[in-house]
Amino acid sequence: MIEVYIDGASAGNPGPSGAGVFIKGHGSAEKYSIPLGLMSNHEAEYYALIKALEICIKNNYRTVSFRTDSELVSRAVEKEFAKNKSFAPLLEKALRLANELDLFFIKWIPSNDNKTADELARLAIRKNK
């Protein structure tokens, strides 16, 4: 099973944002630092999920377990419902992508356990400026 750690970050709310994706479990580790443009921190968290799902699909990773320190995103995915209507299109896109995988899990983890993805997201913000 592939483990995927994701994080979104924003310098300001809204502000320059980035996504960090750290993938391990197939004999090596992959790191992605993706500039996202201007958006809120919550939007960046959703985009981190979407970008990571796109990477998994492109690389044909079929069984994946995602880890995020965003309770907002993990709850929304588990319930398949975004309380804030402005996030509904992002959640719908993420769920569509997740359905392309054979097996998809998402789990909330504490920020301390997500440091690599956080560092990658912050690096993407610096690339953005």
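Just so it is clear, the structure is predicted and the values come from calculations on it, not from any experiment. (Residues numbered from 1 in each chain as written. Predicted model: local features only at pLDDT ≥ 70, side-chain atom pairs only at ≥ 80, totals over all residues. Heavy atoms only, no water.)

Asker: What is the right way to look at the overall build of the chain in this model?
Answerer: Summing up its helical and strand segments, the chain has four helices and five strands in all. The order of helices and strands in the chain, counted from the N terminus, is β-β-β-α-β-α-α-β-α. Since a compact globule built from 129 residues should have a radius of gyration of about 14 Å, the 13 Å found for the chain is in line with a globular shape. Burial status across the chain gives 49% buried among its 129 residues. Across the chain, contacts joining residues at least 24 apart in sequence account for 70% of those joining residues at least 6 apart. Approximately 6,700 Å² of the chain is accessible, and the part contributed by carbon and sulfur atoms is 49%. (Helix = DSSP H or I, 4+ residues; strand = E, 2+ residues; numbered from the N terminus. Rg over C-alpha atoms; globule rule 2.2 N^0.38 Å. Buried < 20%, exposed > 50% of the residue type's maximum accessible area, 1.4 Å probe, protein only. Contact = heavy atoms within 4.5 Å. Areas by Shrake-Rupley, 256 points an atom, 1.4 Å probe, with all protein chains shown as cover.)

Asker: When you look at the nonpolar core in this model, what are you seeing that I'm missing?
Answerer: In summary, soluble globular proteins display a tendency toward joint burial of nonpolar side chains. In terms of nonpolar packing, the biggest core is built from 35 residues, with Val4, Leu49, Leu53, Val64, Phe66 and Phe104 touching the most fellow members. Of all the secondary structure elements, the ones that give two or more residues to this core are strand 1 (2-10), strand 2 (15-24), strand 3 (29-39), helix 1 (41-58), strand 4 (63-68), helix 2 (71-79), helix 3 (88-98) and strand 5 (103-108). Looking at this core element by element, the count peaks at nine residues for helix 1. Once residues within four sequence positions are removed from consideration, Leu53 is found in contact with Phe66, Ala94, Leu97, Ala98, Leu101 and Phe104. (Core = buried A, V, L, I, M, F, W, Y, C linked by side-chain atoms within 4.5 Å.)

Asker: Looking at this model, I keep getting lost on the environment of Ala19. Mind explaining?
Answerer: Its location among the elements puts Ala19 in strand 2. A sequence separation of 39 residues divides Ala19 from Lys58, and the C-alpha atoms of the two residues are 17 Å apart. In this view, Ala19 contacts Asp7, Gly8, Tyr32, Ser33, Ile34, Leu36, Ala48, Leu120, Ala121 and Ala124; residues no more than four positions away in its chain are not counted.

Asker: Can you help me understand the pattern of salt bridges in this one?
Answerer: Proximity of charged atoms lets side chains of opposite charge pair with each other. By the definition in use, this model includes five salt bridges. Arg62 is the salt-bridge partner of Asp102, the closest N and O atoms lying 3.4 Å from each other. On the criterion of sequence distance, the pair formed by Asp102 in the loop between helix 3 and strand 5 and Arg62 in the loop between helix 1 and strand 4 is long-range, its members being 40 residues apart. Overall, the relative accessible area of 57% leaves Asp102 in the exposed class. Accessibility expressed as a relative area gives 27% for Arg62, which makes it partly exposed. Close ionic contact of Arg75 with Glu71 constitutes a salt bridge, the shortest N to O distance being 2.9 Å. Taken together, the positions of Arg75 and Glu71, both in helix 2 and four residues apart, correspond to about one turn of that helix. Residue Arg75 is classed as partly exposed on the basis of its relative accessible area, which comes to 45%. Accessibility expressed as a relative area gives 38% for Glu71, which makes it partly exposed. (Salt bridge = Lys/Arg side-chain N within 4 Å of Asp/Glu carboxyl O.)

Asker: It is not clear to me how the packing of helix 1 against helix 2 should be interpreted in this structure. Could you clarify?
Answerer: Helix-helix packing: each pair is described by the crossing angle between the helix axes and the interaxial distance. Relative orientation of the contacting elements helix 1 and helix 2 amounts to 55 degrees, with a least axis distance of 9 Å. As judged from the angle between their axes, helix 1 and helix 2 are oblique. Like other packed secondary-structure pairs, helix 1 and helix 2 cross with a definite hand, here right-handed. Here His42, Glu45, Tyr46 and Leu49 of helix 1 come into contact with helix 2, specifically with Leu72, Val73, Ala76 and Val77. Counted by class, the contact of helix 1 with helix 2 contains six nonpolar, one polar and one charged residues. (Axes fitted to C-alpha atoms, helices over the stretch in contact; angles between N-to-C directions. Parallel < 35°, antiparallel > 145°, perpendicular 65-115°, else oblique. Left-handed = near helix turned anticlockwise from the far one by under 90°. Nonpolar A, V, L, I, M, F, W, Y, C, P; charged D, E, K, R; others polar.)

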